[in-house]
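Here is what each chain is made of, one letter per residue.
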Amino acid sequence: MATILLLSGPNLNLLGEREPDIYGTVSLSDLVAIATDAATAHGHKLEHFQSNHEGELIDAIHGARGRCAAIVINPGAFTHYAYAIADALATFEGTKIELHLSNTHTRESWRHRSVVSAYVTGIVAGFGANGYRLAIEAAVAATATRN
Ligand code: CA2
């Protein structure tokens, strides 16, 4: 059994309360349940951590080193400018999936750029809540084929 760390960035704790046209009506705890079910179905354990603070997310990435097989991260708006999160992801040796509810490329131009994409194994974006299952399955598959 491997541990998969799901990280949620700023404002994702407010999901379900505003902007349902973009992000859907599900809450963050609903998304964590979807991810947990997907991980459990493959015999793995899921841990989740949400923070509105960049340094706390960096500390969580450091804490996953040598302990977790994969990180699935929705960095929220940090995606677009947080170089320190990109640097932290570069230090993690396992599978890394960048995850977004929305297709950021169909939205405002400032959302088109991700500073973390160059440091991840792959990206899941635009599939809403279903993306949380897809991302876990991608992490499991990528982890199984490593080495
Ligand atoms: O599509 C995604 O998953 C995003 O990572 C969500 C971020 C956004 O800054 C990225 O460009 C794309 C924003 C999450 C904030 O979600 C809200 C939830 C409730 C009310 C307002 C925003």
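In this report, the structure presented in the accompanying data block is examined. In this text the structure is predicted, and so the values were computed from the model without any measurement. (Residues numbered from 1 in each chain as written. Predicted model: local features only at pLDDT ≥ 70, side-chain atom pairs only at ≥ 80, totals over all residues. Heavy atoms only, no water.)

Turning to the nonpolar core, a few remarks are in order. Within the largest apolar cluster, 22 residues are counted, with the highest numbers of intra-cluster contacts made by I4, L6, L46, V72 and I136. Broken down by secondary-structure element, the contributors of at least two residues to this core are β1 (3-8), α2 (28-41), β3 (70-74), β4 (95-100) and α5 (130-144). A per-element tally of this core places α2 first, with 6 residues. Ignoring sequence-local partners within four residues, the contact set of I136 consists of I4, A35, A38, A39, L46 and V72. Judged by nonpolar contacts, the second largest core, of 20 residues, contains L5, C68, A82 and A86. (Core = buried A, V, L, I, M, F, W, Y, C linked by side-chain atoms within 4.5 Å. Buried < 20%, exposed > 50% of the residue type's maximum accessible area, 1.4 Å probe, protein only. Helix = DSSP H or I, 4+ residues; strand = E, 2+ residues; numbered from the N terminus. Contact = heavy atoms within 4.5 Å.)

Next up on the list: helix α4 (residues 83-90). Along α4, the residues that are buried comprise I85, A86, A88 and L89. Take α4 and look down its axis: the buried residues cluster within an arc of 160°, on one side only. Contacts made by the buried residues of α4 are with α3 (54-64), β3 and β4. (Arc of directions from axis to C-beta.)

Sizing a probe to match a water molecule and rolling it over the atoms shows the empty space that remains. Roughly 420 Å³ of volume is contained in the largest pocket. Along its surface, the largest pocket is lined by 19 residues, and P10, N11, L12, Y23 and R111 are the ones closest to its centre. The class makeup of the residues in the lining of the largest pocket is 7 nonpolar, 8 polar and 4 charged. (1 Å grid on protein atoms, 1.4 Å probe; cavity = no way out; pocket = protein on both sides within 12 Å on 5 of 7 lines; lining within 4 Å. Points joined across faces, edges and corners; volume = space filled by probe spheres on them. Nonpolar A, V, L, I, M, F, W, Y, C, P; charged D, E, K, R; others polar.)

With that settled, the discussion passes to the site of the ligand. Taken together, 16 residues are adjacent to the ligand, and N74, H80, L101, S102 and R111 come closest. Take N74: an N or O atom from its side chain is 2.8 Å from an oxygen atom of the ligand. Within the side chain of R111, one N or O atom sits 2.9 Å away from an oxygen atom of the ligand. Contact with the protein chains removes 95% of the 510 Å² of surface that the ligand exposes when unbound. More than half of the atoms belonging to the ligand lie within 2 Å of the grid points that define the largest pocket. Tallied by class, the residues present in the shell around the ligand amount to 6 nonpolar, 7 polar and 3 charged. (Near = heavy atom within 4 Å. Polar contact = N/O pair within 3.5 Å; in protein donor to acceptor, adjacent residues only side chain to side chain. Areas by Shrake-Rupley, 256 points an atom, 1.4 Å probe, with all protein chains shown as cover. Sits in = over half its atoms within 2 Å of the grid points.)

Functional significance is not addressed by these values, which are geometric in nature.
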